[in-house]
Amino acid sequence: STSTRCSSPPSSSWRRWRPRRAADLAKAFAPFAEALAADEQKIVEELLAVQGSPADIGGYYQPEKAKADAVMRPSATWNAALGSLS
């Protein structure tokens, strides 16, 4: 049996890169995280409002994209926050 676990420590370049990259990611996602935190209750309410209701997606095996997208992404608030990432 072979192990896929690496026994050597990370290289020094990796150790230097990781904190810098983590800080960059935190900075890049901060507005998104703040928007989610500010609108959390509204997002939850939007998602709960559609729970348990049948949904028309225009077909079982070949759903219509627009209908499926509307059903699968029912929170306009979440969609706006997510759209801010691109």
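From a predicted model like this one, the values you see are computed outputs, not experimental measurements.

Asks: Describe the environment of valine 71, naming the residues involved and giving the relevant values.
Replies: Assignment of secondary structure puts valine 71 in helix 3 (residues 65-72). For valine 71, a relative accessible area of 33% gives the class partly exposed. For the pair formed by valine 71 and isoleucine 57, sequence separation is 14 residues and the distance between their alpha carbons is 7.3 Å. Setting aside chain neighbours within four positions, we find valine 71 in contact with Ala55, Asp56 and Ile57.

Asks: Provide a residue-level description of the pattern of salt bridges, including the pertinent values.
Replies: Under the definition given, this model contains two salt bridges. Note that aspartate 56 is salt-bridged to lysine 67, the shortest N-O span being 3.0 Å. Residue aspartate 56 is found in the loop between helix 2 (40-49) and helix 3, and its partner lysine 67 is found in helix 3; the two are separated by eleven residues along the sequence. Judged by its relative accessible area of 31%, lysine 67 falls in the partly exposed class. Its salt-bridge partner being lysine 65, residue aspartate 69 comes within 2.7 Å of it at the nearest N-O pair. Of this pair, aspartate 69 and lysine 65 are both found in helix 3, four residues apart, which corresponds to roughly one turn of the helix.

About the criteria used
Residues numbered from 1 in each chain as written. Predicted model: local features only at pLDDT ≥ 70, side-chain atom pairs only at ≥ 80, totals over all residues. Heavy atoms only, no water. Helix = DSSP H or I, 4+ residues; strand = E, 2+ residues; numbered from the N terminus. Buried < 20%, exposed > 50% of the residue type's maximum accessible area, 1.4 Å probe, protein only. Contact = heavy atoms within 4.5 Å. Salt bridge = Lys/Arg side-chain N within 4 Å of Asp/Glu carboxyl O.

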